[in-house]
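Architecture at a glance
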Amino acid sequence: MADTSLDLALDAATLTARLVDFPSESGTEKPLADAIETALRALPHLTVDRYGNNVIARTDLGRAERVILAGHIDTVPIAGNVPSRLDEDGVLWGCGTCDMKSGVAVQLRIAATVPAPNRDLTFVFYDNEEVEAERNGLRHIAAARPEWLAGDFAILLEPSDGEVEGGCQGTLRMLLRTTGERAHSARSWMGSNAIHAAAPVLARLASYEARRPVIDGLEYHEGLNAVGVSGGVAGNVIPDECVVTVNFRYAPDRTEEEAIAHVHEVFADCGVEEFVVDDHSGGALPGLSHPAAAAFIEAVGGTPRPKFGWTDVSRFSALGVPAVNYGPGNPHLAHKRDERVETAKILAGEERLRKWLTV
Ligand SMILES: [Zn+2]
């Protein structure tokens, strides 16, 4: 039988390789969650809880601040890239090296080697991040055990190339429906064309000037774009309906309600018959001015960058916990067949976190 133990005395790079060789595609995380739970339970300074295949460990030292270090333990489907391979340049190749077992290895190393941190720590290892949101382990914990996620500041060790990425933009998809009246196209003047009625919507989109607000020193960049158009009945019919699907990526200084209101406002005089919210995930404020976050940025150095895509940091934000991404992997290499990570970056990330938590 395969060895199912995790030795947290291994350095973070070797531990990453070990985690990659412990396959955990979404939905099959149980053996890895078991191994993480067993390894953490052996550490007397941690209290360990489990919810499904999510493992949560925490220190309880009565410190003034509590910091959460979170990471998902699942990977996308393996693409012939497991077991891992370390090349002569110190680059570790394999599924999950970048996204995000290198980050999980750093979490485990901090858990094992910093028994008396200067801030209380909560370690969250969760499942099903790489699949639909309904299955996301962090979402399940937030719904069932929100008190486990309480804290002053959260760090997700998702790949960010060793730079701090703050907050994330929200994403709203809305359907804008225009209507008309059907008629035979041979006598088009008897009807009214719903596709033509969408022209003001498209013109407004083409001339839309996106905001680039600066929040906590980070410049976000919004976008309002058509991502789909549907309409048409038959080749000889004047269409009575057209739907333009619009995606609004918005900076985290807007609430979800404000984002919806903005879309209504932009197209207020464009003849839209109906606005329907199709999908919506709010943004997350970077919270970089929070003392714990400011100290973190000071300790790890570099210039924080805004996060444009949507990530799980917004789940923390929704719970009132400012959150950033900070992980050793290069995000452009995530999910690729040639996924890889520089082992030096893993070790550097671990060292910077240790310094911040012990100085
Ligand atoms: Zn990830």
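Let me begin by describing the structure that accompanies this report.

**Quick look at the environment of Arg315**
Among the secondary structure elements, Arg315 is positioned in helix α9 (residues 313–318). C-alpha separation for the pair Arg315 and Ala142, spaced 173 residues apart in sequence, amounts to 7.8 Å. Apart from residues no more than four positions distant in its own chain, Arg315 is found in contact with Ala133, Asn136, Leu138, Arg139 and Trp310.

**Structural notes on the packing of helix α8 (residues 291–300) against helix α10 (residues 343–358)**
Contact geometry for α8 and α10: axes closest at 9 Å, N-to-C directions at 130°. The angle between α8 and α10 places the two elements in the oblique class. Along this stretch, α8 crosses α10, giving a crossing that reads as right-handed. Contact with α8, carried on its side by Ala292, Ala295, Phe296, Ala299 and Val300, involves Arg352, Leu353, Lys355 and Trp356 of α10 and no other residues of that element. Here the residues of the contact of α8 with α10 are counted per class, giving seven nonpolar, no polar and two charged.

**Regarding the coordination of the zinc ion**
Taken together, the protein ligands of the zinc ion are His72 (NE2), Asp99 (OD) and Glu158 (OE), with distances of 1.9 to 2.1 Å. The exposure class assigned to His72 is buried, which follows from its relative accessible area of 0%. The exposure class of Asp99 is buried, given its relative accessible area of 6%.

**Focus on the packing of aromatic side chains**
Centre distance and the angle of the planes are the two values used to describe a pair of aromatic rings. Inspection of the entire model under this criterion finds five aromatic pairs. Relative to Trp356, the ring of Phe153 lies with its centre 6.3 Å away and its plane at 90°, an arrangement referred to as edge-to-face. Of the two residues, Phe153 sits in strand β7 (residues 153–156) while Trp356 sits in helix α10, which places them 203 residues apart along the sequence. Here the two residues Phe153 and Trp356 agree in accessibility, since each one is buried. In textbook terms, an aromatic cluster arises when at least three aromatic residues are bridged by ring pairs, as seen for Phe153, Phe296, Tyr326 and Trp356. The lysine or arginine in question, Arg85, covers the ring of Trp93, its NZ or CZ lying 5.2 Å from the ring centre.

**Points about the nonpolar core**
Counting residues in hydrophobic clusters, the biggest one holds 55 residues, and the most contacted among them are Leu6, Leu40, Leu108, Ile155 and Phe296. If one sorts the elements of this core by residue count, helix α3 (residues 97–113) sits on top with seven residues. Beyond its immediate stretch of four places on either side in the chain, Leu40 contacts Leu8, Leu46, Val48, Val55, Ala57, Leu108, Ala111 and Phe125. Membership of the second largest hydrophobic core comes to 20 residues, among which are Ala194, Val246, Tyr250 and Val272.

**Concerning helix α7 (residues 256–266)**
Of all the residues in α7, the buried ones are Ala259, His262, Val263 and Val266. The buried residues of α7 occupy an angular sector of 95° when projected down its axis, which confines them to one face. Set apart from the buried face of α7 by more than 90 degrees, the exposed residues are Glu257 and Glu265.

What counts, and at which threshold
All chains use their own residue numbering, which begins from 1 and follows the written sequence. Where totals are concerned, whole chains, interfaces and linings use all residues; where local detail is concerned, this predicted model gives features only for residues with pLDDT of at least 70, and gives and counts side-chain atom pairs only at 80 or more. The side-chain values count all of the structure's non-hydrogen atoms but skip hydrogen atoms and water molecules. Numbering goes from the N terminus for both helices and strands, where a helix is a DSSP run of H or I of at least four residues and a strand is a run of E of at least two. Note on definitions: a residue-residue contact is assigned when non-hydrogen atoms from the two residues lie within 4.5 Å. Axis definition: a line fitted to C-alpha atoms, over the contacting stretch in the case of helices. Angles run 0 to 180 degrees between N-to-C directions. Note on terminology: angles under 35 degrees are roughly parallel, angles over 145 are roughly antiparallel, angles of 65 to 115 are roughly perpendicular, and the others are oblique. We call a crossing left-handed when the near helix sits turned anticlockwise from the far one by less than a right angle, and right-handed when that turn is clockwise. Each residue gets one of three labels, nonpolar for Ala, Val, Leu, Ile, Met, Phe, Trp, Tyr, Cys and Pro, charged for Asp, Glu, Lys and Arg, and polar for the others, Gly among them. A 2.8 Å cut-off from the metal defines N, O and S donors, relaxed to 3.2 Å for Na, K and Ca; water is not in the atom list, so some sites may appear incomplete. Burial here depends on accessible area, computed with a 1.4 Å probe over protein chains only, as a share of the maximum for the residue type. Under 20% is buried, over 50% is exposed, and the range in between is partly exposed. Each Phe, Tyr or Trp ring, with Trp reduced to its six-membered ring, pairs with another whose centre is within 6.5 Å; inter-plane angles below 30 degrees give stacked pairs, above 60 give edge-to-face pairs, and intermediate values give tilted ones. Here, over-ring charges are defined by two tests on the NZ atom of lysine or the CZ atom of arginine: distance to the ring centre within 6 Å, and angle to the ring normal within 35 degrees. Residues enter a nonpolar core if they are buried and are Ala, Val, Leu, Ile, Met, Phe, Trp, Tyr or Cys, with the set joined through side-chain atoms within 4.5 Å. To obtain the arc, one takes the directions from the helix axis to the C-beta atoms.

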